[in-house]
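# Descriptive analysis of the structure
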Amino acid sequence: MMPELNFIEAYKRLQPTAERGVIEARNKALTEIVGKLDMSQMVHLCRLAFNLPYDPSVYTDWFQSPLNQPDPQFFVAQDAAEAGRVATLALRHFVSASNTRVALTVLSASYAGKRSALDNGELVAQSRDVITASAKKGGMKAPSDKIGLRKASDVSKQRTDMTNGFDAGHTGAFVDAVVQDLQGGTDAAVTALSNAYQALRRDNLRLAEETDMLWWHVGDWSNILDTPRTSIPKKSVGLVSGLDLGAMVSVSPGPYGAYGILKQALGSAGDEVASLTDAVSGLEAEQIAQLALPKAPDVFPVLTALRLAAAGGGWVDAFNAQVRDAAGVKLTHLELATQAFRERVSLTDIGWAK
């Protein structure tokens, strides 16, 4: 568990000359911002944090307003750098709390670590640490080894009062005390049981998904394309493999063995290098249509390339224009597979996979 983010300290590292009043205003605004964010807004924070193209109107109510109230001179449209710094620290707030869904979204937006946020790499490094730590988790274990009713409270005073003065008032007080104690103990036991069930359920889902992935590897079959993986062009098989496994995940960040399975599935070819546009171009139009997701945001390069390619026409030019910082980047097949896996899982987290 990494330490909780100290916003003031982190902000001063990014803006050493900032005045005390500005720092306090930013800190107050951040507290309001992080208190009501959903996963789709995390994607918009990534746009600012990684200095990607953005629409200022998207941020008006939930991001700009809390910052603008104490600082009327702040506007997202006019100060992308400051907006990016605050967005970066907002994301680090969640990553510092070991929020794997946010950490995975950050890694997806970082394009295999090729993009840097506006904090000298700390956001991406911390996100990677969170996902790596989740992969080191041990076997199935409920949060409590024992679940039972708590020890009964002392109601001797109410019982004595009822015995000494047996009337409706004293009797009612005694009965109420006993009932409330029993209900409180029952509620605590049900909460503990529910927490244990949810923890074991998540582990069961993870194990089931991991088993499915192992059979996927052994069976040499692409579930999405409904074809043997050996029939997929070598320059495209990493991309397809990552999306295949990512589509199997229902509980973020996915089974802990997924990355090892991808490595084994790709073998020595995983170290070979290819561009994203080459990997997509190696697929047939029908296959691209099966892999593409219409709601994929341009923050995620792999899914954006597929979405544009599925639309047809000069998609490479459109991709180069929309995702300029990723267009010429070369990745190994394993890096591309990992990136595709993370993007696909993140899209499920956000709710845009359908």
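Structural data are supplied above this passage.
Quick caveat: nothing in here was measured; it's all calculated off a predicted structure. (Residues numbered from 1 in each chain as written. Predicted model: local features only at pLDDT ≥ 70, side-chain atom pairs only at ≥ 80, totals over all residues. Heavy atoms only, no water.)

Moving on: the overall build of the protein chain. Each helix and strand counted, the protein chain has 17 helices and 4 strands in total. Counting every position in the protein chain, which comprises 354 residues, the buried fraction comes to 47%. In the protein chain, 72% of the contacts between residues at least 6 apart in sequence involve partners at least 24 apart. (Helix = DSSP H or I, 4+ residues; strand = E, 2+ residues; numbered from the N terminus. Buried < 20%, exposed > 50% of the residue type's maximum accessible area, 1.4 Å probe, protein only. Contact = heavy atoms within 4.5 Å.)

So, on to helix α3 (residues 39–49). Counting buried positions along α3 yields 11 of 11 residues, so the element is predominantly enclosed. Taken together, the buried positions of α3 are M39, S40, Q41, M42, V43, H44, L45, C46, R47, L48 and A49. Along its buried surface, α3 packs onto α4 (60–68), α5 (80–96), α6 (100–109), α7 (122–135) and α17 (333–350). Where α3 ends, the next residue or the one after it, N51, has phi of about 55°, a positive value.

To continue, consider the pattern of salt bridges. Working definition: two side chains of opposite charge can pair if their charged atoms are close together. One pass over the structure, following the stated rule, counts 13 salt bridges. D298 is the salt-bridge partner of R47, the closest N and O atoms lying 2.5 Å from each other. Of this pair, R47 sits in helix α3 while D298 sits in the loop between α13 (285–291) and α14 (301–311), placing them 251 residues apart in sequence. With its nearest N and O atoms 2.6 Å apart, the salt bridge here joins R115 to D325. With R115 in the loop between α6 and α7 and D325 in helix α16 (residues 324–327), this pair connects stretches of sequence that are 210 residues apart. Taking the relative accessible area as the measure of exposure, R115 reaches 6% and is therefore buried. Residues joined in a network through salt bridges with shared partners are E9, R13, R92, D119 and E122. (Salt bridge = Lys/Arg side-chain N within 4 Å of Asp/Glu carboxyl O.)

Considering the arrangement of structural elements, one finds S236 in helix α10 (residues 234–247). Judged by relative accessible area, which is 0%, S236 ranks as buried. If near-sequence neighbours (up to four positions away) are discounted, S236 is found in contact with A279, G282 and L283.

Our focus in this paragraph is the packing of α3 against α6. Between α3 and α6, whose axes approach to 10 Å, the crossing angle comes to 40°. Crossing of α3 over α6 shows right-handed handedness. In this structure, α3 uses M39, M42, V43 and C46 to contact α6, whose residues at the interface are R101, V102, T105, V106 and A109. Here the residues of the contact of α3 with α6 sort into 7 nonpolar, 1 polar and 1 charged. (Axes fitted to C-alpha atoms, helices over the stretch in contact; angles between N-to-C directions. Left-handed = near helix turned anticlockwise from the far one by under 90°. Nonpolar A, V, L, I, M, F, W, Y, C, P; charged D, E, K, R; others polar.)

Between helix α11 (residues 258–266) and α17, the shortest axis-to-axis distance is 10 Å and the interhelical angle comes to 140°. Comparing their axes, α17 and α11 come out oblique. Note that α11 runs across α17; the crossing there is right-handed. Of the residues in α17, those in contact with A258, Y259, L262, K263 and L266 of α11 are H333, L334, A337, T338, F341 and R342. (Parallel < 35°, antiparallel > 145°, perpendicular 65-115°, else oblique.)

Turning our eyes to something else, we now look at the environment of I23. Here I23 lies in helix α2 (residues 20–34). On the basis of relative accessibility, which here comes to 5%, the residue I23 falls in the buried class. The spatial distance from the C-alpha of I23 to the C-alpha of Y11 is 7.3 Å, given a sequence separation of 12 residues. With residues up to four places along the chain from it excluded, the contact list for I23 reads F7, I8, Y11, K12 and A18.

Bringing the side chain of T338 into the picture now. Residue placement: T338 occurs in helix α17. For T338, a relative accessible area of 15% puts it in the buried group. Ignoring sequence-local partners within four residues, the contact set of T338 consists of Y259 and L262.

Per the stated rule, a full pass over the model turns up 7 aromatic pairs. Centre to centre, the rings of F7 and Y11 are 5.6 Å apart; their planes meet at 25°, and the pair counts as stacked. One end of the pair is F7 and the other is Y11, both in helix α1 (residues 7–14) and 4 residues apart, which spans about a single turn. This pair shows no difference in class: F7 is buried, exactly as Y11 is. One aromatic cluster in this structure is built from Y54, Y59, W62 and F63. (Phe/Tyr/Trp six-rings, centres within 6.5 Å; stacked < 30°, edge-to-face > 60°.)

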